[in-house]
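# Observations on chain architecture
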Amino acid sequence: FHLSGIIPDSDSLILSTPEIFAARYNIEVRVRNEVLSIDRVAKTIAVTNLDTGENYQEGYDFLVLSPGAVPLKPSIPGADAPHVFTVRDVVDIDRLKKHVDLPHVTDVVVVGGGYIGLEVTENLVLAGKNVTMVEMRDRVMMRLDSDIVQLLHRELHDRGVQLVLNDALTKVGPDSVTVASGASYPAQAVVMAIGVRPETTLAVDAGLQIGTTGGIVVDGHYRTSDSSIYAVGDAIEVFNQLTHKPSRLAMAGPAQRQARAAADHIFGMSQRQTGVIGSAVVRVFEQTAASTGLTEDECRAENMSFDKVYVIGEDMVSLMPESAAMHLKLLFEVPTGRILGAQAVGPGNVDKRMDVIATLIMLGGTLEDMRDLELCYSPMYSTAKDVVNNAALVALNILNRVYSQVTIGDVRRLIVEDDATIVDVREEQEFAAGHIKGALN
Ligand SMILES: Cc1cc2nc3c(=O)[nH]c(=O)nc-3n(C[C@H](O)[C@H](O)[C@H](O)COP(=O)(O)OP(=O)(O)OC[C@H]3O[C@@H](n4cnc5c(N)ncnc54)[C@H](O)[C@@H]3O)c2cc1C
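Quick notes on the rules
Residues numbered from 1 in each chain as written. Predicted model: local features only at pLDDT ≥ 70, side-chain atom pairs only at ≥ 80, totals over all residues. Heavy atoms only, no water. Helix = DSSP H or I, 4+ residues; strand = E, 2+ residues; numbered from the N terminus. Rg over C-alpha atoms; globule rule 2.2 N^0.38 Å. Buried < 20%, exposed > 50% of the residue type's maximum accessible area, 1.4 Å probe, protein only. Areas by Shrake-Rupley, 256 points an atom, 1.4 Å probe, with all protein chains shown as cover. 1 Å grid on protein atoms, 1.4 Å probe; cavity = no way out; pocket = protein on both sides within 12 Å on 5 of 7 lines; lining within 4 Å. Points joined across faces, edges and corners; volume = space filled by probe spheres on them. Pairing = 2+ DSSP bridges. Axes fitted to C-alpha atoms, helices over the stretch in contact; angles between N-to-C directions. Contact = heavy atoms within 4.5 Å. Domains from an automatic or database assignment. Near = heavy atom within 4 Å. Polar contact = N/O pair within 3.5 Å; in protein donor to acceptor, adjacent residues only side chain to side chain. Nonpolar A, V, L, I, M, F, W, Y, C, P; charged D, E, K, R; others polar. Patch = residues over 30% accessible without salt bridge, like charges linked within 9 Å, V, L, I, M, F, W, Y side chains within 5 Å. Salt bridge = Lys/Arg side-chain N within 4 Å of Asp/Glu carboxyl O. Expected span 1.5 Å × (residues − 1). Core = buried A, V, L, I, M, F, W, Y, C linked by side-chain atoms within 4.5 Å. Phe/Tyr/Trp six-rings, centres within 6.5 Å; stacked < 30°, edge-to-face > 60°.

For the chain, the count of helices and strands is 12 helices and 22 strands. Taken over the C-alpha trace, the chain has a radius of gyration of 25 Å; the compact-globule value for 441 residues is 22 Å, and the two agree within 12%. For the chain, the spread of C-alpha atoms along the three principal axes comes to 80 × 55 × 40 Å. Within the chain, buried positions represent 44% of all 441 residues. For the chain, the exposed area adds up to about 23,000 Å²; of that, 52% sits on carbon and sulfur atoms.

The next point concerns the layout of surface pockets. Once rolled over the atoms, a probe with the size of a water molecule shows which space is left empty. Its volume calculated, the second largest pocket comes out at about 2,000 Å³. Contributing to the lining of the second largest pocket are 37 residues, with Tyr-310, Ile-312, Ile-408, Arg-426 and Ile-436 lying nearest its centre. Listing elements by their share of the lining of the second largest pocket, those giving two or more residues are α4 (150-158), β20 (306-314), β21 (325-333), α10 (387-399), α11 (408-418) and α12 (428-433).

Backbone-to-backbone hydrogen bonds pair the strands of a sheet. The strands run either parallel or antiparallel. Strand order in the open sheet formed by five strands is β6-β13-β7-β8-β9, and the pairing between neighbours is parallel. With one partner strand each, in any of the chains shown, β6 (84-86) and β9 (162-164) form the two edges of the open sheet. Within this sheet the neighbouring strands show an average axis-to-axis angle of 20°, counted without direction. The pairing of β6 with strand β13 (residues 189-192) spans three bridges and is parallel. The residue of β13 that forms the bridge with Phe-85 is Val-191. Seen against the sheet, helix α2 (residues 90-100) touches β6, β7 (107-111) and β13 and runs at an angle of roughly 150° to β6.

According to the domain assignment, the chain contains domain 1 (71-196), domain 2 (286-399) and domain 3 (412-441). Inter-centroid distance (C-alpha atoms) of domain 1 to domain 3 is 37 Å.

Take the site of the ligand next. The immediate surroundings of the ligand are formed by 17 residues, with Val-35, Ser-66, Asp-234, Met-251 and Ala-252 found nearest. Residue Ala-252 places a main-chain N or O atom 2.8 Å away from an oxygen atom belonging to the ligand. Burial of the ligand by the surrounding chains reaches 60%, relative to a free accessible area of 990 Å². When residues of the shell around the ligand are traced back to their parent elements, those giving at least two are β1 (33-39), α3 (115-126) and α6 (252-266). Here the shell around the ligand is composed, by residue class, of 10 nonpolar, four polar and three charged.

Residue Pro-335 is bonded to the preceding Val-334 through a cis peptide linkage, with omega at 10°. With respect to the helices and strands, Pro-335 occurs in the loop between β21 and β22 (339-346). The backbone of Arg-32 sits at a positive phi, close to 55°, despite the residue not being glycine. Looking at the element boundaries, Arg-32 is found in the loop between α1 (18-25) and β1. Positive phi, normally seen in glycine, also occurs at Phe-285, with a value near 55°.

Before going further, it helps to examine a nonpolar patch on the surface. Judged by side-chain polarity, Tyr-25, Ile-27, Val-29 and Val-31 come together as a nonpolar surface patch covering roughly 350 Å² of accessible area. Judged by its relative accessible area of 30%, Val-29 is partly exposed.

Another point: the sheet that holds strand β12 (residues 184-186). In space, the three strands of this open sheet follow the order β10-β11-β12, with antiparallel pairing throughout. Here the strands that pair on one side only, and so sit at the sheet edges, are β10 (169-172) and β12. When the angles between neighbouring strand axes are averaged without regard to direction, this sheet yields 25°. Here three bridges tie β10 to strand β11 (residues 176-179), and the two strands are oriented antiparallel to one another. For Lys-171, the partnering residue across the bridge sits in β11 and is Thr-178.

Take α3 next. Helix length check: α3, at 12 residues, gives a terminal C-alpha distance of 17 Å against a target of 16 Å (1.5 Å per residue), a fit within 8%. Restricting attention to buried positions, one finds in α3 the residues Gly-117, Leu-118, Val-120, Thr-121, Glu-122, Asn-123, Leu-124 and Val-125. Of the surrounding elements, those touching the buried residues of α3 are α2, β7, β8 (130-134), α4, β13 and β18 (279-284).

What follows covers the nonpolar core. Counting residues in hydrophobic clusters, the biggest one holds 34 residues, and the most contacted among them are Leu-328, Leu-330, Ile-339, Met-354, Ile-357, Leu-367 and Met-370. Breaking this core down by element, the ones donating at least two residues are β20, β21, β22, α8 (350-362), α9 (367-371) and α10. Here this core takes eight residues from α10, the largest share from any one element. Core analysis: the next-biggest nonpolar cluster, separate from the first, contains 32 residues, Phe-85, Val-149, Leu-151 and Leu-156 among them.

Moving on, we come to the packing of aromatic side chains. Enumeration according to the criterion identifies two aromatic pairs in this entry. On the basis of an interplanar angle of 70° and a centroid distance of 6.0 Å, the ring pair of Phe-62 and Tyr-230 is categorised as edge-to-face. Placement of the pair is Phe-62 in the loop between β3 (55-59) and β4 (63-65) and Tyr-230 in strand β15 (residues 229-231), with a sequence separation of 168 residues. Residue Phe-62 is classed as partly exposed on the basis of its relative accessible area, which comes to 41%.

Here it is, written out as C-alpha cells:
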C-alpha cells in the first residue's frame, strides 16, 4: 500500500519500536543484531552487532527461534541485477518504492501470482505503472481452484494487468525480461514474488531436526528436537488438521498463535498445537478472494472422498446499493458431510463468510452444522438466508441425492463430445445477463 501511496509514509509501516517494547513490556529488543550460531551444550548464542561490528554471547534457559522465511529468487541470468527486487520487510518496500518512483520506470514485471505478487501488482497499477504478471502455473493464487480463480483473472485483465500464465521467467535484461516461450516483456523493474523458504540456517547448523517439508520440526508445544529450544512462525513445519500431514504455512495468524502457545508452555501453562487448515484472504482491486481448508486439487491429491457445490449469492439484500454477487465453492467429505474447504470471490464481505466456514472446519463441522448456523442478519450486512447457510443447503441436496449436478468442468465435454442441449431454467433477465452459448431458456 506504500507503493501506491495509499500509505504515504513508510515509517508508519513500523508498528513497534525497541522503546515501545521496553516501556510497555519491559522487554529489551536489539534490532540490527544478528544471531550467528547456537551452542546447545553451553546454552549460548553468538551475536554480532551489525552497526558496531561487536561480537558477543548471550546465555539462555529457553531459546525461541522465529527467523521467518526468505523470499526465493530463481537462478537465471540477471536475477541479481539492481532493478530486481524481493519483498520481505519495510526496508525492501522502501527500496522498491524509491526505484519505481524514478521517472524512467513505466513498466514493471511481477513474477509470481501468490498473494504477495497480487498485492504488489495492484499497488503498482494504482501508482500508474504498466504491470505484467508472469506465473508459471495455470493460475494465480494456488489457494483457489482453477474454476473460481477465473474471476480474479478477469479482474486483473479488466484493470489492465498483462497476465502471462503457464510461462516461466528465464532471463532478466536491463529493460526487459524473457520467458520460456520466447516472448519478452518490457521491465525497468522486476519484482520476484515466487514464494519463500523457511529460514533454517541457525537450526540446521545447531543440528536441530528439519522435516520433509524443509521446516523446523516441532512437537505439540512447539519444542524443537532440543527441548530447551522452541520454534514458531514461517520457519517451522506445521501439522495440517485435514490431511494429517506435515506442511508449511507462512501466514501471520498461525505464527501469532504458535508464539503464544510456545510462551505459555515455557511458563508452565499447557496449550497444545491444534494444527492448521490454511485460511487466507487477498484483495485484488475490487474483488476480495478468500479460501479456507483444502482446495479441490488438494482433496484429489489426498485421494479423499469428496464432492463440491457452487453457490452464487448476494452478499447483502439485493435492494441495497452496494449489494453484489459472491461466488462461493464448498468442498465436503462424502458420505460424512464434514466440511473440507471453501473458496469465495466477490466485492463484498467474502472474508466474513470464509471466517465462519474456517471456524466450522476447525471444530470438525458438517453440512448440517453449517445449514443451522445462526448468523447476524440485517439488510446491509447479509441476507436472511446467508450464502453460507445456502451453500450448505445446496450441498445437502447433493449429498442426500435429492439432485445430481453437472459441474462447470463437465459442461464443455457434454456440449462438445455428447452434443448435449443445455436448458437454462433461470429467469429471462438472468439469462439475458449471461448464459452458456447455445443454451435454451
Ligand atoms: C509483503 C508481505 C505481506 C504479507 N501479508 C500477510 C497477510 O496479509 N496475512 C498473513 O497472514 N500473512 C502475511 N504475510 C506473512 C507474515 O508476514 C508472516 O507469516 C509472519 O510475519 C511470520 O512471522 P515470523 O516471526 O515467522 O517471521 P518474520 O515476521 O519474517 O520475522 C522474522 C524476523 O527474524 C529476523 N531474523 C532472521 N534470522 C535472524 C538471525 N539469525 N538473527 C536475528 N534476526 C534474524 C528477520 O530479519 C525477521 O525480522 C506477509 C508477508 C509479506 C512478506
